[in-house]
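Working through the structure, step by step
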Amino acid sequence: MNVTFVLVHSPSVGPSTWTPVAEALGRRGYAAVVPDLTGVARHGSPYWPKVVEAVRAAAPETPLVLVPHSNAGLFLPVIKEGLGERVVSCVFADAHIPPRDGLVRAAQEAFLPFLRELADDDGVLPRWTDWWSDDDVAAMLPDLGVRATVVEEQPRLPLDYYTEPIPVPAGWDAVRCACLWYGPPYDKVAEEAHGRGWPVLRTPGEHLQQVVDPEGVTDALLKLSRKS
């Protein structure tokens, strides 16, 4: 079966956080696309339909493996619903796992005070890498050129992107699902995935390990897409 990997970046960052893996998959003979979600907040809420629209516009008419990263995982149920029967499996890559149904938000309640402190008077947040210290960002993105690319393409998102309810259609996890994690705090996500009976693998690293070691992450994605 000729599948296409749909590598879904968090709207907090940009497509360059998946481009190296898409290129690695291409070198191995696999098709991959990276939808650009940097514009989903450009014209206000609701945001989640624009995420779905952007992924649908990029996804070809082939069987699809969805691979969300970070908070993009929370959009996976509505993305899958928008793509229909083409989705054959889902691999969460250091990504949040949605509940089985109901509603979810891009930020947990405990994290909101931190975000509110960062927001300006218009309710707009700094770029994601500006939330963290220079040392933290350097650990995630040690290559200066790669760091510059990732930092430059990031959007500034409104606070309400993180508080908007995202629907979770029941049955989204009826397809094969798996979990790839890099390090804490996603060890908790890996435990949840294991509890749901999903295959779980770890590629040790920081939260943007797919940029630092795209070949290793590609190895893991291929293993999980076959196991899941």
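We now turn to the structure provided with this report. (Residues numbered from 1 in each chain as written. Predicted model: local features only at pLDDT ≥ 70, side-chain atom pairs only at ≥ 80, totals over all residues. Heavy atoms only, no water.)

1. Focus on the packing of helix 2 (residues 48-58) against helix 3 (residues 76-83)
- It is the contact of helix 2 with helix 3, at a shortest axis distance of 9 Å, that shows an interaxial angle of 50 degrees. Taken together, helix 2 and helix 3 sit at an angle that is classed as oblique. Here helix 2 and helix 3 pass one another in a crossing that is right-handed. For the pair helix 2 and helix 3, contact is made by Trp 48, Val 51, Val 52, Val 55 and Arg 56 and by Val 78, Ile 79, Gly 82 and Leu 83, respectively.
- In terms of residue class, the contact of helix 2 with helix 3 is made up of seven nonpolar, one polar and one charged. (Axes fitted to C-alpha atoms, helices over the stretch in contact; angles between N-to-C directions. Helix = DSSP H or I, 4+ residues; strand = E, 2+ residues; numbered from the N terminus. Parallel < 35°, antiparallel > 145°, perpendicular 65-115°, else oblique. Left-handed = near helix turned anticlockwise from the far one by under 90°. Contact = heavy atoms within 4.5 Å. Nonpolar A, V, L, I, M, F, W, Y, C, P; charged D, E, K, R; others polar.)

2. Observations concerning the environment of Gly 123
- Note on placement: Gly 123 falls in the loop between helix 4 (112-118) and helix 5 (134-140).
- Overall, the relative accessible area of 22% leaves Gly 123 in the partly exposed class.
- For the pair Gly 123 and His 96, spaced 27 residues apart in sequence, the C-alpha to C-alpha distance is 24 Å.
- Aside from chain neighbours lying at most four places away, what touches Gly 123 is Pro 158 and Leu 159. (Buried < 20%, exposed > 50% of the residue type's maximum accessible area, 1.4 Å probe, protein only.)

3. Some points on the nonpolar core
- Counting residues in each nonpolar core, the largest one holds 57 residues, and the members touching the most others are Ile 79 and Tyr 162.
- Among all residues touching Ile 79, those that are not within four sequence positions of it are Val 8, Val 51, Val 52, Val 55 and Leu 66.
- Membership of the second largest hydrophobic core comes to 20 residues, among which are Val 21, Leu 25, Val 88 and Ala 93. (Core = buried A, V, L, I, M, F, W, Y, C linked by side-chain atoms within 4.5 Å.)

4. A closer look at the side chain of Arg 196
- Position of Arg 196 among the secondary structure elements: in the loop between helix 8 (187-195) and strand 8 (200-202).
- Residue classification places Arg 196 among the buried positions, given a relative accessible area of 18%.
- Reaching out from Arg 196, the side chain makes a polar contact with the backbone oxygen of Pro 98 at a distance of 2.8 Å.
- When sequence neighbours within four positions are dropped, the list of residues in contact with Arg 196 reads Ile 97, Pro 98, Pro 99, Arg 100, Trp 172 and Asp 173. (Polar contact = N/O pair within 3.5 Å; in protein donor to acceptor, adjacent residues only side chain to side chain.)

5. With respect to the pairing of strand 3 (residues 64-70)
- Most of strand 3 sits inside the fold, with seven of its seven residues counted as buried.
- As paired elements, strand 1 (residues 4-8) and strand 3 share five bridges and run parallel to each other. Within the sheet, the bridge partner assigned to Val 6 lies in strand 3 and is Leu 66.
- Sheet analysis places strand 3 next to strand 4 (residues 87-95), joined by five bridges and oriented parallel. (Pairing = 2+ DSSP bridges.)

6. With respect to the pairing of strand 1
- Where burial is concerned, most of strand 1 is hidden: five out of the five residues are buried.
- Neither face of strand 1 is open: one carries Thr 4, Val 6 and Val 8, the other Phe 5 and Leu 7, and all of them are buried.
- Each parallel crossover has a hand, and for strand 1 linked through helix 1 (residues 19-27) to strand 2 (residues 31-33) it is right-handed. (Right-handed = clockwise from strand over helix to strand, strands pointing away.)

7. Quick word on the sheet that holds strand 3
- Ordered in space as 2-1-3-4-7-8, the six strands form an open sheet in which the pairing is parallel. At either margin of the open sheet sits one strand with a lone partner, and together these are strand 2 and strand 8. Put simply, the sheet's adjacent strands are angled 20 degrees from each other on average, direction ignored.
- With respect to the sheet, helix 1 is in contact with strand 1 and strand 2, its orientation differing from that of strand 1 by roughly 170 degrees.

8. With respect to the environment of Val 33
- Here Val 33 is to be found in strand 2.
- When the C-alpha atoms of Val 33 and Glu 23 are compared, they prove to be 9.5 Å apart, with ten residues separating the residues in sequence.
- Other than its neighbours up to four places away in sequence, Val 33 contacts Thr 4, Phe 5, Val 6, Leu 7, Ala 58 and Pro 60.

9. Comments concerning unusual backbone geometry
- Cis geometry marks the peptide bond from Ser 45 to Pro 46; its omega dihedral reads 0 degrees.
- With respect to the helices and strands, the residue Pro 46 is situated in the loop between strand 2 and helix 2.
- Going from Pro 184 to Pro 185, the amide bond is cis rather than trans, its omega being 5 degrees.
- Checked against the element boundaries, Pro 185 lands in the loop between strand 7 (176-181) and helix 8.
- Even without glycine at this site, Ser 70 takes up a positive phi of about 60 degrees.

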